[in-house]
Amino acid sequence: MDTIFKNVVKTLEELREISGKPGAVVNKKVIHSIDHHCREFISKSPFLTIGTTNGEGSTDVSPRGDTPGFVHIIDEKRLIIPERPGNRRLDSIINILAHPYVGVLFFIPGLGETLRVNGKACVIKDEELLEPMTVQGKRPVLGIGIEVEECFIHCAKAFIRSGLWQPDSWMEKENLPLPAKILKDHIQMPEIQTKDIEDDLEASYKHTLY
């Protein structure tokens, strides 16, 4: 396949020659269970992203969010992410069925550092385990169970550079992309108008969060 990327790094040796090696603190910061610090961080996090891989090696990153503490910690090695209603593509779930290893990044609004958790996942439907994650009388029918293998804090440089948590750096609302218009152009279904998509999105946000 033709590509404009001609001068690429191909070996670990070349990469380290360019970028250098991590320091002692970075090398030693990884732990292999959920300690009290990680437990507190997860309990205060209302948002995460989860990276998964399918059987062919293609990857996906998907967001999950709810009130702080929505991720249920069973013990120092296991946690559950509830699967709330979505668009039914189930990309993360389907990928986990084919390739169970996942990477999760936990965010806390206003905090630049994030918590990274890596491990082996499975798709669970155990009612007893999912019952504690009931919201508005609705218990999730599925969850992502993770056997934790690595936990570590990731530095705040990306957030500092991006100004993500700084409201004065945010765009005015009228300058933001229009999701309904993007969907309209991407689906290429002339019979569906932008207003139809806006109405459907608004209804889903209002009535089917749980």
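Anyway, here's the lowdown on the structure attached to this text. (Residues numbered from 1 in each chain as written. Predicted model: local features only at pLDDT ≥ 70, side-chain atom pairs only at ≥ 80, totals over all residues. Heavy atoms only, no water.)

On to the packing of aromatic side chains, then. The geometry of an aromatic ring pair is captured by two quantities: the separation of the ring centres and the angle between the planes. For the coordinates displayed, the defined rule picks out three aromatic pairs. Between Phe107 and Phe159, the aromatic rings sit 5.9 Å apart at their centres with planes inclined by 65°, giving edge-to-face as the arrangement. Taken together, the residues span a long stretch of sequence, with Phe107 in strand 5 (residues 101-107) and Phe159 in helix 6 (residues 157-162) at a distance of 52 residues. The exposure class assigned to Phe107 is buried, which follows from its relative accessible area of 13%. Ring centres 5.6 Å apart and planes at 15° place the aromatic pair Phe159 and Trp165 in the stacked group. Taken together through their ring pairs, the aromatic side chains of Phe47, Phe107, Phe159 and Trp165 make up a single cluster. (Phe/Tyr/Trp six-rings, centres within 6.5 Å; stacked < 30°, edge-to-face > 60°. Helix = DSSP H or I, 4+ residues; strand = E, 2+ residues; numbered from the N terminus. Buried < 20%, exposed > 50% of the residue type's maximum accessible area, 1.4 Å probe, protein only.)

Inspection of the sheet shows strand 4 (residues 78-83) paired to strand 7 (residues 142-154) by six bridges, in the antiparallel sense. Across the sheet, residue Ile80 finds its bridge partner in strand 7, namely Gly145. When strand 6 (residues 114-124) meets strand 7, the two strands line up antiparallel, connected through eleven bridges. Bridge pairing in strand 7 links Leu115 to Ile153. (Pairing = 2+ DSSP bridges.)

Considering all chains together, one arrives at nine salt bridges under this definition. Its salt-bridge partner being Glu83, residue Arg64 comes within 3.1 Å of it at the nearest N-O pair. Highlighted residues: Arg64 in strand 2 (residues 59-65) and Glu83 in strand 4, separated in sequence by 19 residues. Across the pair, exposure class does not vary: Arg64 and Glu83 are buried alike. Here the salt bridges do not stand alone but share partners, grouping Glu127, Glu131 and Arg139 into one network. (Salt bridge = Lys/Arg side-chain N within 4 Å of Asp/Glu carboxyl O.)

What follows concerns the layout of surface pockets. Approximately 1,400 Å³ is the volume attributed to the largest pocket. In this structure, the largest pocket is lined by 33 residues; those nearest its centre are Arg84, Pro85, Gly86, Asn87 and Arg88. Every element with two or more residues in the lining of the largest pocket is listed here: strand 2, strand 4, helix 4 (91-98) and helix 8 (194-207). Residues of the lining of the largest pocket, tallied by class, amount to 15 nonpolar, seven polar and eleven charged. (1 Å grid on protein atoms, 1.4 Å probe; cavity = no way out; pocket = protein on both sides within 12 Å on 5 of 7 lines; lining within 4 Å. Points joined across faces, edges and corners; volume = space filled by probe spheres on them. Nonpolar A, V, L, I, M, F, W, Y, C, P; charged D, E, K, R; others polar.)

What follows is about a nonpolar patch on the surface. Taken together, the side chains of Val9, Leu12, Leu15 and Ile18 present a nonpolar region at the surface, about 370 Å² in accessible area. Look at Leu12 and you get exposed, because its relative accessible area is 53%. (Patch = residues over 30% accessible without salt bridge, like charges linked within 9 Å, V, L, I, M, F, W, Y side chains within 5 Å. Areas by Shrake-Rupley, 256 points an atom, 1.4 Å probe, with all protein chains shown as cover.)

Before going further, it helps to examine the pairing of strand 6. Relative to strand 6, strand 5 is paired through six bridges, and the arrangement is antiparallel. Note on strand 6: the bridge partner recorded for Val104 is Val117. Between strand 5 and strand 6, which pair antiparallel and follow one another directly, the connecting turn spans six residues, one of which, Gly110, has a positive phi of 90°.

Spatially, seven strands are ordered 2-1-5-6-7-4-3 in an open sheet, and the strand pairing comes out antiparallel. Every other strand in the sheet has two partners, leaving strand 2 and strand 3 (72-75) as the edge strands with one partner each. Geometrically, the sheet is characterised by an average inter-axis angle of 30° between neighbouring strands, direction not taken into account. Note: strand 1 (residues 47-53) against strand 5, five bridges, orientation antiparallel. Residue pairing across strands places Gly51 opposite Gly103, the latter belonging to strand 5. Its contacts with the sheet place helix 3 (residues 36-43) against strand 3, strand 4, strand 5, strand 6 and strand 7, and it is angled at close to 80° to strand 6. (Axes fitted to C-alpha atoms, helices over the stretch in contact; angles between N-to-C directions. Contact = heavy atoms within 4.5 Å.)

All we've got here are geometric facts, nothing functional implied.
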